[in-house]
There are 2 protein chains.
Amino acid sequence: MHALTIASGRLEWSTRPDPIPQGSQLLVRVRSAGLNPADLLQLQGHYPPPPDVPQDVPGLELAGTVVEVGPLARRFKVGDRVMGLVGGGAQAELALVDEAVALAAPAGIGWESAGGFMEAFATAYDALVRQGGLTLGARVLVSGAAGGVGTAAIQLAAAAGAQVTASARRMEFHDRLRELGAQRVMLPSDAAESGPYDLVLELVGGPMLSAHLGQLGTSGRLIVIGVGAGRRIELDLSLLMARRAGIAASTLRARPLFEKAALVSSLGERLLPMLASGRLLVPVAATFPFADAPSAYTRLGEGGNLGKVVLISSG
Amino acid sequence: MHALTIASGRLEWSTRPDPIPQGSQLLVRVRSAGLNPADLLQLQGHYPPPPDVPQDVPGLELAGTVVEVGPLARRFKVGDRVMGLVGGGAQAELALVDEAVALAAPAGIGWESAGGFMEAFATAYDALVRQGGLTLGARVLVSGAAGGVGTAAIQLAAAAGAQVTASARRMEFHDRLRELGAQRVMLPSDAAESGPYDLVLELVGGPMLSAHLGQLGTSGRLIVIGVGAGRRIELDLSLLMARRAGIAASTLRARPLFEKAALVSSLGERLLPMLASGRLLVPVAATFPFADAPSAYTRLGEGGNLGKVVLISSG
């Protein structure tokens, strides 16, 4: 097979042996694979993949068709259309996906959306619901809302009955973010004084993060997912103490399979029906063929995308 | 009545009008009142009291006898021995306590223990159980464990079946902290490399806090209660992200009455039987008569106390 590989900080379209599914793994012919900021970090050498995945093939999510199943696989069979959440290796012609972290791709959903669903929605769901305790009526700020996780988070928070504020640098995206469910959309500079919030999903980091801490209400929580604008802050604990507030932070990639399986199980039970019915959308900013992956990485790195950048197989 | 008052940063034993109980308030003749770090901060002008309490009379906890009840009080009557959690005004001959934040003082508990129970145990219970999600078997570090909150936290965590580590500067206290339930007791410098922990109760702050962040395990939580050694830290969010860890912080004093009432209700249901049976102890480092309050404040400020410093009425 061919696979996108990282060698000396460069992307190449290389030939590799076809993987062989073991245990409950599925071998999937990849039709689409979303890009994520973690892929950029890995390309830059900052984010080593977990040990149980191909070390030099990036990609945390994919959609495609099952072409072979391991001896312990029970939930899927050859020919099924699936979406998978993996620790690496998704950006290839063939990828291994344990069936515990695979979901059936709904019939009405095209490959480009299916390939960009898993990582963004899993991250947003985990941060908002499982870590953030999102409940009806909560005042939520999605900071840096235009990307894949941000657009997922707006939709999930709105669907949960929250009062959703979104911040995004690009004014031309604001109307679309409103359509996705944000009741208020504003520039980051305005969001810095727009609280109080019960929950802030921080996708920007740096000085914005510090400003948003000041916007937490009583018992508010700031959940850190992205720190592209800076990962070090000066934290005045008395500010948190006075509000009984907290900060939590998370990445998905390095978690063990059983934890990802629990998360994917929740996604299947709770979000898949909403994706199938069209209530949840996967906004796609741009698609690129696998052979043109460097352009896709450049596009993601430049930022300013509304939704996902997705690689699409020509096959 | 006489009351301890703060004027221009000095403590005085002044004459004030007797308070009159309104609504569901109890008028309590104070027999004992524990000191807390918040009292020291108030004396230094750093911690203004909430608006609904005497502005210049310190004291967040007391024990005494009910001498009059407001027209809406139902749970207590004149003559009852009670313990109260208040936002201020406890260090006086007479104090107002809403019955929602009062508990019956168990018969076998002396005044000095009763007067030092509420604030320390409410703070430790709230931090460990309600904010920290303490459960059976959790690996817990109590950082700066010798004081009132620390000795309460050791006992509560041990009673909850946690694996309890305590840090304390003074070696001569280590045996006593083991008796209270700590399985490991160590110097702060050793605690800085003693993890991983599921839960750190931070009562010291400053560089210790930063070191303890590095000792959090997966999904660990650091709950900040005390920051005497420094309230500003440089926080590297990638450290939290890699461990899916979090920081929360809290103070009790400024919370509205209904929140304190919910907390005191839990204390009454869950901890009072353990206090009455002797399973929970209130270690008292020193007692002082009210008229010698300045010595008590000096003693608390010097630190190095095992347990509470408590003011005792001579009446």
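Residues numbered from 1 in each chain as written. Chains lettered and ligands numbered in written order. Predicted model: local features only at pLDDT ≥ 70, side-chain atom pairs only at ≥ 80, totals over all residues. Heavy atoms only, no water.

1. Focus: the overall build of chain A
The condition that has to hold: To qualify as a helix, a DSSP run of H or I must reach at least 4 residues; to qualify as a strand, a run of E must reach at least 2; elements of each kind are numbered from the N terminus. Note that the radius of gyration is over C-alpha atoms, with the globule rule given as 2.2 Å times the number of residues to the power 0.38. Relative accessible area decides the class of each residue, using a 1.4 Å probe on protein chains only: under 20% of the type maximum gives buried, over 50% gives exposed, and in between gives partly exposed. We call two residues in contact whenever any of their non-hydrogen atoms come within 4.5 Å of each other. Shrake-Rupley sampling with a 1.4 Å probe provides the accessible areas, and residues are treated as covered by the protein chains on show and by no other component. Asp and Glu count as negative and Lys and Arg as positive, but His and the ends of the chain are not part of the count. Positions of charges follow a simple convention, taking NZ of Lys, CZ of Arg, CG of Asp or CD of Glu.
In terms of regular secondary structure, chain A is built from ten helices and 16 strands. Taken over C-alpha atoms, the radius of gyration comes to 19 Å for chain A, in line with the 20 Å a tight globule of 315 residues would show. In terms of its C-alpha atoms, chain A occupies a principal-axis envelope of roughly 55 × 40 × 35 Å. Every one of the 315 residues in chain A was classed for burial, and the buried ones make up 58%. Taking the intrachain contacts of chain A between residues at least 6 apart in sequence as the baseline, contacts between residues at least 24 apart amount to 67%. Taken as a whole, chain A presents about 12,200 Å² of accessible surface, with 53% of it coming from carbon and sulfur. Side-chain charges in chain A split into 27 positive and 27 negative, and the spacing between the mean points of these groups amounts to 4 Å.

2. Regarding the domain arrangement of chain A
All names here are of chain A. Quick note on the threshold: All domain edges in this entry derive from an automatic or database-based domain assignment. Here the quantity called buried area is the accessible surface, traced with a 1.4 Å probe, that two parts lose on coming together, added over both. In what follows, salt bridge is the name for a side-chain nitrogen of Lys or Arg lying within 4 Å of a carboxyl oxygen of Asp or Glu. Any pair of N or O atoms that falls within 3.5 Å is considered a polar contact. Within protein, one atom must be able to donate a hydrogen and the other to accept it, and sequence-neighbouring residues count only if both atoms are side-chain atoms.
Considered domain by domain, chain A is made up of domain 1 (2-117 + 253-312) and domain 2 (120-249). A separation of 26 Å is found between the C-alpha centroids of domain 1 and domain 2. Across the contact, 24 residues belong to domain 1 and 20 residues belong to domain 2. In total, about 1,800 Å² of surface goes out of reach between domain 1 and domain 2, with carbon and sulfur atoms giving 62% of it. Taken as a group, Leu263, Gly304 and Leu306 account for 28% of the area that domain 1 buries against domain 2, more than any other trio of residues on that side. Across the domain 1-domain 2 interface, the total number found is one salt bridge. Two residues, Asp126 and Arg255, come together in a salt bridge whose shortest N-O distance is 2.7 Å. Joining domain 1 to domain 2, the criterion identifies five residue pairs in polar contact (both at pLDDT 80 or more).

3. Concerning the interface of chain A and chain B
With 28 residues of chain A at the contact, the number on the chain B side is 28 residues. Roughly 2,500 Å² is buried in total at the junction of chain A and chain B, and carbon and sulfur atoms are behind 55% of that figure. Counting the surface chain A buries against chain B, the share from its top three residues, Leu237(A), Met241(A) and Arg244(A), is 29%. The salt bridge involving Glu234(A) is made with Arg232(B); its shortest N-O contact spans 3.7 Å. Of all the elements in the fold, those that place two or more residues in the side of chain A that touches chain B are strand S12 (216-224), strand S13 (232-236), helix H8 (237-243) and strand S14 (246-249) of chain A.

4. Things to note about the relation of the copies chain A and chain B
Defined as follows: To line up the copies, we fit them by least squares on C-alpha atoms, keeping just the residues with pLDDT of at least 70 in both.
Here chain A sits on chain B after a turn of 180° about the axis and a move of 0.0 Å along it, with an RMSD of 0.0 Å. A rotation of that kind, with that shift, is consistent with a two-fold axis. Closest approach to the rotation axis among the C-alpha atoms of chain A is made by Glu234(A), whose C-alpha sits 2.3 Å away. Of the residues that chain A buries at the interface, 100% are likewise interface residues in chain B, meaning the two copies contact each other through the same surface.

5. Regarding the pattern of salt bridges
Using the criterion set out here, one finds 26 salt bridges over all chains in the structure. Ionic pairing is found between Arg130(A) and Asp126(A), a salt bridge with its closest N-O pair at 3.2 Å. Residue Arg130(A) and its partner Asp126(A) are both found in helix H3 (residues 118-131); the two are separated by four residues, about one turn of the helix. Taking the relative accessible area as the measure of exposure, Asp126(A) reaches 4% and is therefore buried. Measuring nitrogen to oxygen at the nearest pair gives 2.8 Å for the salt bridge that ties Arg176(B) to Glu179(B). Of the two residues, Arg176(B) and Glu179(B) both sit in helix H5 (residues 174-180), three residues apart, roughly one turn of that helix. One network of salt bridges, in which partners are shared, links Arg231(A), Arg232(A), Glu234(B) and Asp236(B).

6. Details of the sheet that holds strand S9 (residues 163-167) of chain A
In a beta sheet, neighbouring strands are held together by backbone hydrogen bonds and run either parallel or antiparallel to one another. The condition is simple: DSSP bridges decide pairing: two strands pair if at least two such bridges lie between them. Angles here are taken between N-to-C directions and fall from 0 to 180 degrees, while the axes themselves are lines fitted to C-alpha atoms, restricted in helices to the stretch in contact.
With mixed pairing, twelve strands are arranged side by side in an open sheet as S10(A)-S9(A)-S8(A)-S11(A)-S12(A)-S14(A)-S14(B)-S12(B)-S11(B)-S8(B)-S9(B)-S10(B). The open sheet has two free edges, formed respectively by strand S10 (184-186) of chain A together with strand S10 (184-186) of chain B, since each of these has just one partner strand. For this sheet, the mean inter-axis angle between neighbouring strands, taken without regard to orientation, is 15°. In this structure, S14(A) lies alongside strand S14 (residues 246-249) of chain B, joined through three bridges in antiparallel fashion.

7. A short note on unusual backbone geometry
With an omega of 5°, the peptide bond between Gly195(A) and Pro196(A) qualifies as cis. Relative to the elements of secondary structure, Pro196(A) occurs in the loop between helix H6 (188-191) and strand S11 (197-202). In this structure, Ser219(B) takes a positive phi of about 65° despite not being glycine.

8. Remarks on the packing of H3(A) against helix H9 (residues 257-276) of chain A
All names here are of chain A. Short version of the rule: Oblique is the label for every angle not falling under 35 degrees (roughly parallel), over 145 degrees (roughly antiparallel), or within 65 to 115 degrees (roughly perpendicular). Amino acids are sorted into nonpolar (Ala, Val, Leu, Ile, Met, Phe, Trp, Tyr, Cys and Pro), charged (Asp, Glu, Lys and Arg) and polar (every other residue, Gly among them).
It is the contact of H3 with H9, at a shortest axis distance of 10 Å, that shows an interaxial angle of 90°. Between H3 and H9, the interaxial angle falls into the category roughly perpendicular. Contacts between H3 and H9 pair Met118, Phe121, Ala122, Tyr125, Asp126 and Arg130 from the former with Glu259, Ala262, Leu263, Val264, Ser266, Leu267, Arg270 and Leu271 from the latter. Looking at the contact of H3 with H9 residue by residue, the classes come out as nine nonpolar, one polar and four charged.

9. Remarks on the pairing of S9(A)
Residue and element names in this part refer to chain A. Here is the rule we go by: A clockwise course of the path from the first strand over the helix to the second, judged with the strands pointing away from the viewer, identifies a crossover as right-handed.
Where burial is concerned, most of S9 is hidden: four out of the five residues are buried. In this region the chain leaves strand S8 (residues 139-143), passes through helix H4 (residues 148-159) and returns to the parallel neighbour S9; the handedness of that crossover is right-handed. Bridging between S9 and S10 involves three bridges; their strand directions are parallel. Its bridge partner being in S10, Ser167 is matched across the sheet by Met186.

10. Topic: the packing of helix H3 (residues 118-131) of chain B against helix H4 (residues 148-159) of chain B
All names here are of chain B. Inclusion rule: Crossings are sorted by hand: turned counterclockwise from the far helix by less than a right angle, the near helix makes the crossing left-handed, and turned clockwise it makes it right-handed.
As a packed pair, H3 and H4 sit with axes 8 Å apart at the nearest point and diverge in direction by 55°. By the angle class used here, H3 and H4 are oblique. Where H3 crosses over H4, the two elements pack in a sense that is right-handed. Across the interface between the two elements, Ala120, Phe121, Thr123, Ala124, Tyr125 and Leu128 from H3 touch Gly148, Val149, Ala152, Ala153, Gln155, Leu156 and Ala157 from H4. Taken together, the residues of the contact of H3 with H4 break down into ten nonpolar, three polar and no charged.

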